[in-house]
Amino acid sequence: MLRPLRLLLSGLQTQPSRCCSSFVSRMRYVNRLKEDDEACTAALKDGSIFLFHRLSPLLRCTDVGTFSPATLTCSDVQSVLQRLGSDGSSLKEAVLIGCSEQNQAQFCLDVGELDQAAVEEASQGTFIDLRKAFFLLPAAEAPLVSKGQALLRWHQSTRFCGASGQPTQRNRAGSQRFCRSSSTVYYPKMSAVAVALVSDGKRCLLGRQPSFPRGLYSALAGFCDMGETLEEALCREVAEEVGLEIQSISYSSSQHWPFPHSSFMLGCHALVSPAHTQLCVDCSELEDARWFTVDEITRALQVKPRRGDPPILWLPPKHALANRLIREWVEQQWQSKGGA
Ligand SMILES: NC(=O)c1ccc[n+]([C@@H]2O[C@H](COP(=O)([O-])OP(=O)(O)OC[C@H]3O[C@@H](n4cnc5c(N)ncnc54)[C@H](O)[C@@H]3O)[C@@H](O)[C@H]2O)c1
Ligand SMILES: [Mg+2]
């Protein structure tokens, strides 16, 4: 079958184009690799690979005691696989996750079929559960690793078509899967979650679930229902969880959150009328919810939690969107105090 000219031309190009800004050319390059299997195969040969073992990423500890994701070249991975007696065919399972600022395509690969300790020894790293690894990594590197895990998990759970029950096939980049029998195309999925930092103008509202570590309180959150807007989801979640009606919703920022599975977190600030702040907590959802003053929150932000010694109030870690919302609120409170 004749391939479209666009794909033939793009297949010749195995590096990002230099005609536009480096960001634009990297984005277009990654997009092209998703569409063109041959270009993607070529990019893998020159690309970098993040290894996972049963969804735990391979990290390396630096000389100064910090952690970073172990970045291997394709030939590094080939020699690790060969040393462990694998024929290297599992490289075909690598999934495209992006392109580095150095214009190198980035892939992830799960080598869960190999002995974990042997891969660690051969690749000079350690596989660490993402729940721990995510917080050990610098905030700039954690999202790439969580994206890799999310894509690998999605491939593992979408092997069969929900309509025909037949096996699905992936494209080279791993950006979609296809069922020949039902002609269904599957794309990676994530659930939308609305998070709100609710304030009454002077205090902010935080809640805790029974599963949270002792002392931890966070912004209210909930999965968006089908057909809901972000605003509708926030209003419903806050009403359900603490029995309040919110208004003046303003969007702050978003993040991909890998726990327990892929969520697309949409973070907002919201207000309640100071005359209606009485909480009616739904105990089936939350163990507790409370109003906190800016002084209490400012003190809690300065506390470094130590193992076995939880402070009275412990806030979400810096990598979490809720932490960002809390910091934004504190800054805005101090600014308005300074201006008053
Ligand atoms: N990154 C952050 O800063 C941050 C902050 C708060 C919450 N979160 C995350 O947001 C997620 C949702 O928060 P929550 O637990 O309060 O939600 P929630 O209040 O909607 O309650 C969870 C319940 O919703 C139901 N549910 C509906 N749709 C679902 C779906 N698509 N997937 C799973 N369950 C679904 C389930 O019964 C589940 O037990 C959690 O996974 C949490 O880790 C992240
Ligand atoms: Mg909730």
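Remember, predicted model here, so these are calculated numbers, not experimental data. (Residues numbered from 1 in each chain as written. Chains lettered and ligands numbered in written order. Predicted model: local features only at pLDDT ≥ 70, side-chain atom pairs only at ≥ 80, totals over all residues. Heavy atoms only, no water.)

### Structural notes on the pattern of salt bridges
Turning to step 1, where the next piece is worked out: Evaluation of the coordinates by the stated rule reveals eight salt bridges.
Turning to step 2, where the next piece is worked out: Two residues, Glu228 and Arg236, come together in a salt bridge whose shortest N-O distance is 2.5 Å.
Turning to step 3, where the next piece is worked out: With relative accessibility at 19%, the residue Arg236 sits in the buried group.
Turning to step 4, where the next piece is worked out: Via salt bridges that share partners, Asp225, Glu228, Arg236, Glu237 and Glu240 belong to a single interconnected network. (Salt bridge = Lys/Arg side-chain N within 4 Å of Asp/Glu carboxyl O. Buried < 20%, exposed > 50% of the residue type's maximum accessible area, 1.4 Å probe, protein only.)

### Description of the domain arrangement of the protein
Turning to step 1, where the next piece is worked out: In terms of domain boundaries, the protein breaks down into domain 1 (47–155) and domain 2 (191–339).
Turning to step 2, where the next piece is worked out: Between domain 1 and domain 2, the C-alpha centre-to-centre distance is 33 Å.
Turning to step 3, where the next piece is worked out: Contacts between the two partners involve 13 residues from domain 1, matched on the other side by nine residues from domain 2.
Turning to step 4, where the next piece is worked out: Carbon and sulfur atoms make up 70% of the area that domain 1 and domain 2 hide from each other, which totals about 870 Å².
Turning to step 5, where the next piece is worked out: When residues of domain 1 are sorted by the area they lose upon contact with domain 2, Arg131, Phe134 and Phe135 head the list and together hold 51% of the total.
Turning to step 6, where the next piece is worked out: Run the count over domain 1 and domain 2 and you get zero salt bridges.
Turning to step 7, where the next piece is worked out: Breaking the side of domain 1 that touches domain 2 down by element, the ones donating at least two residues are helix H6 (130–136) and helix H7 (142–157).
Turning to step 8, where the next piece is worked out: Residue classes in the side of domain 1 that touches domain 2 are distributed as eight nonpolar, two polar and three charged. (Domains from an automatic or database assignment. Contact = heavy atoms within 4.5 Å. Buried area = accessible area lost by both parts, 1.4 Å probe. Helix = DSSP H or I, 4+ residues; strand = E, 2+ residues; numbered from the N terminus. Nonpolar A, V, L, I, M, F, W, Y, C, P; charged D, E, K, R; others polar.)

### Thoughts on the site of ligand 1
Turning to step 1, where the next piece is worked out: Lining the immediate environment of ligand 1, one finds 18 residues, of which Gln209, Phe223, Glu241, Gln255 and Ala322 sit closest.
Turning to step 2, where the next piece is worked out: Ala221 is positioned with one of its backbone polar atoms (N or O) 3.0 Å from an oxygen atom of ligand 1.
Turning to step 3, where the next piece is worked out: Phe259 has a polar backbone atom sitting 3.3 Å from an oxygen atom of ligand 1.
Turning to step 4, where the next piece is worked out: Relative to its unbound accessible area of 840 Å², ligand 1 is 61% covered by the protein chains.
Turning to step 5, where the next piece is worked out: Counting only elements with at least two residues in the shell around ligand 1, the list comes to strand S11 (191–199), strand S13 (220–223), helix H8 (230–242), strand S14 (247–257) and helix H10 (321–339).
Turning to step 6, where the next piece is worked out: With three residues, S13 is the largest single contributor of residues to the shell around ligand 1. (Near = heavy atom within 4 Å. Polar contact = N/O pair within 3.5 Å; in protein donor to acceptor, adjacent residues only side chain to side chain. Areas by Shrake-Rupley, 256 points an atom, 1.4 Å probe, with all protein chains shown as cover.)

### Re the coordination of the magnesium ion (ligand 2)
Turning to step 1, where the next piece is worked out: In this structure, Ala221 (O) and Glu241 (OE) serve as the protein donors to the magnesium ion (ligand 2), at separations of 2.1 to 2.2 Å. In this pair, Ala221 is assigned in strand S13 and Glu241 in helix H8, connecting sequence segments 20 residues apart.
Turning to step 2, where the next piece is worked out: With a relative accessible area of 27%, Ala221 lands in the partly exposed category. (Donors = N, O, S within 2.8 Å, 3.2 Å for Na, K, Ca; no water.)

### Describing the packing of helix H2 (residues 22–35) against helix H3 (residues 37–46)
Turning to step 1, where the next piece is worked out: Between H2 and H3, whose axes approach to 6 Å, the crossing angle comes to 115°. The interaxial crossing formed by H2 with H3 has left-handed handedness. Of the residues in H3, those in contact with Tyr29, Leu33 and Glu35 of H2 are Asp37, Ala39, Cys40 and Ala43.
Turning to step 2, where the next piece is worked out: Taken together, the residues of the contact of H2 with H3 sort by class into five nonpolar, no polar and two charged. (Axes fitted to C-alpha atoms, helices over the stretch in contact; angles between N-to-C directions. Left-handed = near helix turned anticlockwise from the far one by under 90°.)

### Here's the deal with unusual backbone geometry
Turning to step 1, where the next piece is worked out: Phe259 connects to Pro260 through a cis peptide bond whose omega is -10°.
Turning to step 2, where the next piece is worked out: Along the chain, Pro260 falls in the loop between S14 and strand S15 (263–271).
Turning to step 3, where the next piece is worked out: Despite not being glycine, Leu55 has its phi angle at roughly 75°, a positive value.

### Overview of the sheet that holds strand S8 (residues 169–170)
Turning to step 1, where the next piece is worked out: Pairing in this open sheet of three strands is antiparallel, and the strands run S8-S9-S10 from one edge to the other. The outermost strands of the open sheet, each flanked by one partner alone, are S8 and strand S10 (184–186).
Turning to step 2, where the next piece is worked out: Pairing between strand S9 (residues 177–179) and S10: three bridges, direction antiparallel. Bridge pairing links Phe178 to Val185 in S10. (Pairing = 2+ DSSP bridges.)

### Brief notes about the environment of Gly125
Turning to step 1, where the next piece is worked out: Along the chain, the position of Gly125 falls in the loop between helix H5 (116–123) and strand S7 (126–127).
Turning to step 2, where the next piece is worked out: Here Gly125 falls in the buried class, since its relative accessible area comes to 12%.
Turning to step 3, where the next piece is worked out: Taking the C-alpha atoms as reference points, Gly125 and Cys61, separated by 64 residues in sequence, lie 7.7 Å from one another.
Turning to step 4, where the next piece is worked out: With near-sequence residues (within four places) excluded, Gly125 lies in contact with Leu58, Leu59, Arg60 and Glu120.

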